[in-house]
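Okay, here's what each chain looks like letter by letter:
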Amino acid sequence: MSTLAVRSTLRLHRPAALLWVLALAAATTYLIRLHVLADKAREGVSACAVPAQDGLPLCSAVEAITADATYADGIALVTGCLALLMFPVAAWAGAVVGRELETGTARLAWTQSAPPARWLAGRLAVPAALLTAGTGTVVLLNNWARGDENPDLVGDWYSADVFVGTGPAAVAHALAGLALGTLAGLLTGRALAGAAAAFAGCLVLHSAVDFFRADLWPTLTHVGAFEPPRSYYQVDWAAGETVLTYHPASHYWPLQYVETGLLLAVAAAATAGAFLLLRRRTA
C-alpha cells in the first residue's frame, strides 16, 4: 500500500483514530493505577480475626478498606470494554464505508487516485494494524494489572468478559468486527444502514461464540464424589449420578487459541466476501 493511500485512510478515520489514541492513553494510565492498588485490594479480601491475632488483621479494619471494590470494578470495566470492542469497531467501519458509497466519494477515488481493490485494502489494512497493536497492548497491560488472578477480585477465567478480555481472542474479536463492518457497509451502501447491519451481525456472532465456547475444546468428566478446584468451568452436572463435566483452568489457552482461530477465519471470510462483492459491483 502506498504512503498516499495510508494518509488518505488516516484522514478518513481521523476522528476514530484520535478517539482510539485517547482511549489507549486513558486505559494505560488507569491500568497502571490499578496495578499500584492491587496489594491493598488483596488485603481487602484477605482473612481477618476479632480481635487481630496470628498475623491476621482486625476485621473492622479490613472492612473499612475500599481498595478491593475500586480495584475489582476497575478491572471489570477494562475487561468488559475489551470484550465488547467488536461492536463499536463494526458500527464505525460499516458507517464509514457506507457513507463513502452513499456520497459517491468512493467512486471518485476509484477513478482518480486508487482502483477499487486498493481502496478497499486501505480501508481494512490501516485500521487492522491500529486495532491489533492497540488492543494487544491493552490486553498485556490488563493481565499485568490483574496480578495473581485472584478470582474474588478479577473474576473467574471462564466468565465471558474475562475470557475474551485477557487473551488473543480480544484482538480477533476486534478484527472480526472490522471485517464484518466493512462488508456491511459495502452491502448496504448507506452509512446508517451499514452501522446497523454491522452491529446486528456482531451481535449474532458474539452470542454464538459465547454460547458454544464450552464446546471448543474437549471437556473432562468426573464420576463420583469430587472436590473441584476453585476456578473451574462447569459445563454439565447430573446430581443423581454425581457426574460432573467441566473445563479446568488449564483449558484456558486451548480454548483461547481455538476461539481466536475461528474469529480470524470469520474475519478472513468477511474480508474475502467484501473484495468479491466490490469486484462484482465494479466489473
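Residues numbered from 1 in each chain as written. Predicted model: local features only at pLDDT ≥ 70, side-chain atom pairs only at ≥ 80, totals over all residues. Heavy atoms only, no water.

**Q** Sorry if this is basic, but what is going on with the pairing of strand 3 (residues 243-247) here?
**A** In terms of residue burial, strand 3 counts as a mostly covered element, since five of its five residues are buried. A two-sided burial pattern is seen for strand 3, the buried positions comprising Val243, Thr245 and His247 on one face and Leu244 and Tyr246 on the other. Bridging between strand 1 (residues 220-223) and strand 3 involves four bridges; their strand directions are antiparallel. Opposite Val223, over in strand 3, you have Val243 as the bridge partner. (Buried < 20%, exposed > 50% of the residue type's maximum accessible area, 1.4 Å probe, protein only. Helix = DSSP H or I, 4+ residues; strand = E, 2+ residues; numbered from the N terminus. Pairing = 2+ DSSP bridges.)

**Q** How do you make sense of the packing of helix 7 (residues 116-145) against helix 12 (residues 252-282) when you look at a structure like this?
**A** Packed helix pairs are specified by the crossing angle of their axes together with the interaxial distance, meaning the distance between the axes. The interhelical angle for the contact between helix 7 and helix 12, taken along N-to-C directions, is 150°, at an axis separation of 10 Å. Between helix 7 and helix 12, the crossing angle belongs to the class labelled roughly antiparallel. Viewed along their axes, helix 7 and helix 12 form a crossing whose handedness is right-handed. Where helix 7 abuts helix 12, its residues Pro116, Ala117, Trp119, Leu120, Ala121 and Leu124 lie against Thr271, Ala274, Phe275, Leu278 and Thr282. (Axes fitted to C-alpha atoms, helices over the stretch in contact; angles between N-to-C directions. Parallel < 35°, antiparallel > 145°, perpendicular 65-115°, else oblique. Left-handed = near helix turned anticlockwise from the far one by under 90°. Contact = heavy atoms within 4.5 Å.)

**Q** Mind showing me how you'd approach the nonpolar core here?
**A** Across soluble globular proteins, nonpolar side chains show a tendency to be buried alongside one another. In terms of nonpolar packing, the biggest core is built from 36 residues, with Trp119, Leu120, Leu131, Leu186 and Leu205 touching the most fellow members. Top element by residues in this core is helix 10 (residues 169-188). It accounts for 11 residues. Counting residues in hydrophobic clusters, the runner-up holds 18 residues, among them Leu31, Val139, Ala145 and Leu153. (Core = buried A, V, L, I, M, F, W, Y, C linked by side-chain atoms within 4.5 Å.)

**Q** Help me understand the side chain of Thr166 in this model?
**A** Within the secondary structure, Thr166 sits in the loop between helix 9 (160-165) and helix 10. Here the side chain of Thr166 touches Tyr252 through a polar contact of 2.8 Å, side chain to side chain. (Polar contact = N/O pair within 3.5 Å; in protein donor to acceptor, adjacent residues only side chain to side chain.)

**Q** Explain the environment of Arg279 to me, please; I cannot follow it from the model alone.
**A** Mapped onto the secondary structure, Arg279 falls in helix 12. Exposure remark for Arg279: the relative accessible area of 60% places this residue in the exposed category. Once the C-alpha coordinates of Arg279 and Pro116 are considered, the two residues, 163 residues apart in sequence, prove to be 7.6 Å apart.

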